[in-house]
Amino acid sequence: MTLRIVDLSAPPEVDGAGLSGPVVAVGGLRGAAEFWLEHATFTVSEDGTDDRRVITVDSVDTAVADLAARVDRWPHAAAVCDDVLRAVDVTGPALPGLVTESLAYSTLQAGPEFARWLTERGPARVPAVPDPVLCERDGDTLRIAFNRPQRHNAFSTDARAALLEALTVARLDPSIDEVVLSGNGPSFCSGGDLAEFGSFADPASAHLARTRHSPALALADLATRLGPACRAEVHGKVLGSGLEMACFCGTVVAQPDSVFGLPELQLGLIPGAGGTVSITRRIGRWRTAYLVLSGAMIDVDTALAWGLVDAVG
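In this report, we go over the structure that sits alongside the text. (Residues numbered from 1 in each chain as written. Predicted model: local features only at pLDDT ≥ 70, side-chain atom pairs only at ≥ 80, totals over all residues. Heavy atoms only, no water.)

### Description of helix α8 (residues 215-226)
Piece 1. Look at α8: 16 Å from first C-alpha to last across 12 residues, which is about the 16 Å you get at 1.5 Å a residue.
Piece 2. Counting buried positions along α8 yields 9 of 12 residues, so the element is predominantly enclosed.
Piece 3. Here α8 has its buried residues at Pro215, Ala216, Leu217, Ala218, Leu219, Ala220, Leu222, Ala223 and Leu226.
Piece 4. In this structure, the buried residues of α8 make contact with α4 (94-109), α6 (157-172), β7 (178-183), α7 (203-212), β8 (230-234) and α9 (240-246).
Piece 5. Between a side-chain oxygen at the N-terminus of α8 and the backbone nitrogen of alanine 216 the separation is 3.3 Å; the capping residue is serine 214. (Helix = DSSP H or I, 4+ residues; strand = E, 2+ residues; numbered from the N terminus. Expected span 1.5 Å × (residues − 1). Buried < 20%, exposed > 50% of the residue type's maximum accessible area, 1.4 Å probe, protein only. Contact = heavy atoms within 4.5 Å. Polar contact = N/O pair within 3.5 Å; in protein donor to acceptor, adjacent residues only side chain to side chain.)

Now the structure itself:
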């Protein structure tokens, strides 16, 4: 699988059904073919625009070269990412999208690119951290905080279990009318704990764990019930699963020091904590694909302009 590059002004193909694998349209927006804006994985242009299908870059040539190198190194993950983002219906309920994402993620966990990353990482040990998530009720507000500050709140199995337990309290107690998700220490959440990756028994078991014991689904349900009163307050590193979970909340408020990204491709994986649903709901599949395939980190101003966060404060 290679990255396909097309001229944004090129005549459209018969339809988009035959597109397979990542397709990046490049060029100026004047005279752009609507077909490629809609059907490409995303478009890169040096022209400024608010079109969510287009990423404005300083240099198209540099951006394309970087993207081509990343897709060449992780072709399976890049192709699967594109497939999943095209398949997920973000206007529907979260569960079908999460199941699609998780099946794809499990497939990649059994693939050669993830195996290569595990070999390059070498043996690793997850340090025991007491109370990985803290939960406090304040009147009718439930405050939940990631509490592994020495690891930038990297998301671990024990943190997932504790988070799900806290969210279940909120789901079962109708008197709770506000939920606030935050992180202690220098970061909100830096994504999955890399020391723990590769410890699953098998891909099928991992899939069942992700979809049957899912904080993402709990957050999606709470956001449906509470709307903006289901709130994420983020700062520092907001990466991978941390960003994916925050985006399920009805409101995301970011501190000025926040940085956002989806680094999973460099593990030979795609977002696996619901991000293909939650992030795509906020910024569209095109910008979501760009974050994954490019590995780019964006600042709080860009996140606000894109709609990834709702406020800065």
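### Digging into the layout of surface pockets
Piece 1. Considered as a void within the structure, the largest pocket measures approximately 980 Å³ in volume.
Piece 2. For the largest pocket, the lining is made up of 46 residues, of which Tyr105, Phe155, Gly192, Glu196 and Phe197 are closest to its centre.
Piece 3. Among the elements of the structure, α4, α6, α7, α8 and α9 are those that each provide at least two residues to the lining of the largest pocket.
Piece 4. For the lining of the largest pocket, the per-class residue count stands at 18 nonpolar, 19 polar and 9 charged.
Piece 5. When its volume is computed, the second largest pocket comes out at roughly 240 Å³.
Piece 6. If you trace the second largest pocket, you find it lined by Thr49, Asp50, Val54, Ile55, Thr56, Val57, Arg287, Tyr290, Ile298, Thr302, Ala305 and Trp306.
Piece 7. At the level of elements, β4 (54-56), α10 (275-294) and α11 (300-306) are the ones that each hand at least two residues to the lining of the second largest pocket.
Piece 8. Class assignment of the residues belonging to the lining of the second largest pocket gives a composition of 7 nonpolar, 3 polar and 2 charged. (1 Å grid on protein atoms, 1.4 Å probe; cavity = no way out; pocket = protein on both sides within 12 Å on 5 of 7 lines; lining within 4 Å. Points joined across faces, edges and corners; volume = space filled by probe spheres on them. Nonpolar A, V, L, I, M, F, W, Y, C, P; charged D, E, K, R; others polar.)

### Topic: the pairing of strand β6 (residues 141-146)
Piece 1. Buried residues dominate β6, accounting for 5 of its 6 residues.
Piece 2. The loop that links strand β5 (residues 133-138) with its antiparallel partner β6 comprises 2 residues; one of these, glycine 139, has a positive phi angle of about 65°.
Piece 3. Where β6 lies against β7, 6 bridges are found, and the strand directions are parallel. When the bridges of β7 are listed, alanine 145 appears paired with serine 182.
Piece 4. The β-α-β motif built from β6, the intervening α6 and the parallel element β7 has right-handed crossover chirality. (Pairing = 2+ DSSP bridges. Right-handed = clockwise from strand over helix to strand, strands pointing away.)

### Things to note about α10
Piece 1. Between its terminal C-alpha atoms α10 stretches only 16 Å, short of the 28 Å expected from 20 residues at 1.5 Å a residue.
Piece 2. Along α10, the sharpest change in direction is near 115° and occurs at glycine 284.
Piece 3. A positive backbone phi angle near 70° is found at glycine 295, which sits one or two residues after α10. (Bend = angle between axes of the 7 residues up to and from the residue.)

### Quick look at the nonpolar core
Piece 1. Grouped together as the largest cluster of nonpolar side chains are 86 residues, with contacts concentrated most on Phe42 and Phe260.
Piece 2. A total of 9 residues in this core trace back to one element, the largest contributor, which is α10.
Piece 3. Counting residues in hydrophobic clusters, the runner-up holds 11 residues, among them Leu8, Val23, Phe35 and Val54. (Core = buried A, V, L, I, M, F, W, Y, C linked by side-chain atoms within 4.5 Å.)

### Things to note about the packing of α4 against α10
Piece 1. Put simply, α4 and α10 touch, their axes get as near as 8 Å, and they point 125° apart. What the angle tells us is that α4 and α10 run oblique. Across the interface between the two elements, Ala94, Gly97, Leu98 and Glu101 from α4 touch Gly275, Thr276, Val277 and Arg281 from α10.
Piece 2. Among the residues making up the contact of α4 with α10, the classes are represented as 3 nonpolar, 3 polar and 2 charged. (Axes fitted to C-alpha atoms, helices over the stretch in contact; angles between N-to-C directions. Parallel < 35°, antiparallel > 145°, perpendicular 65-115°, else oblique.)

### Side note on the pattern of salt bridges
Piece 1. This model, assessed by the stated rule, comprises 13 salt bridges.
Piece 2. With a shortest N-O distance of 2.8 Å, aspartate 193 and arginine 151 are connected by a salt bridge. On the criterion of sequence distance, the pair formed by aspartate 193 in the loop between β7 and α7 and arginine 151 in the loop between β6 and α6 is long-range, its members being 42 residues apart.
Piece 3. Under the relative-accessibility criterion, arginine 151 is labelled partly exposed at 28%.
Piece 4. In the salt-bridge network here, residues are joined through shared partners; they are Glu34, Glu38, Asp51 and Arg53. (Salt bridge = Lys/Arg side-chain N within 4 Å of Asp/Glu carboxyl O.)

### Remarks on the sheet that holds strand β1 (residues 4-7)
Piece 1. Pairing in this open sheet of 4 strands is parallel, and the strands run β1-β2-β3-β4 from one edge to the other. A strand with exactly one partner marks an edge of an open sheet, and here the two such strands are β1 and β4. Between one strand axis and the next, the sheet turns by 30° as a mean value, whatever way the strands run.
Piece 2. Relative to β4, strand β3 (residues 42-45) is paired through 3 bridges, and the arrangement is parallel. Pairing of threonine 43 across the sheet is with valine 54, part of β4.
Piece 3. Strand contacts of helix α2 (residues 60-73): β1, β2 (23-26) and β3, with the helix running at about 140° to β3, the strand carrying the most contacts.
Piece 4. The sheet contacts of α10 involve β3 and β4, and relative to β3 the element is tilted by about 75°.

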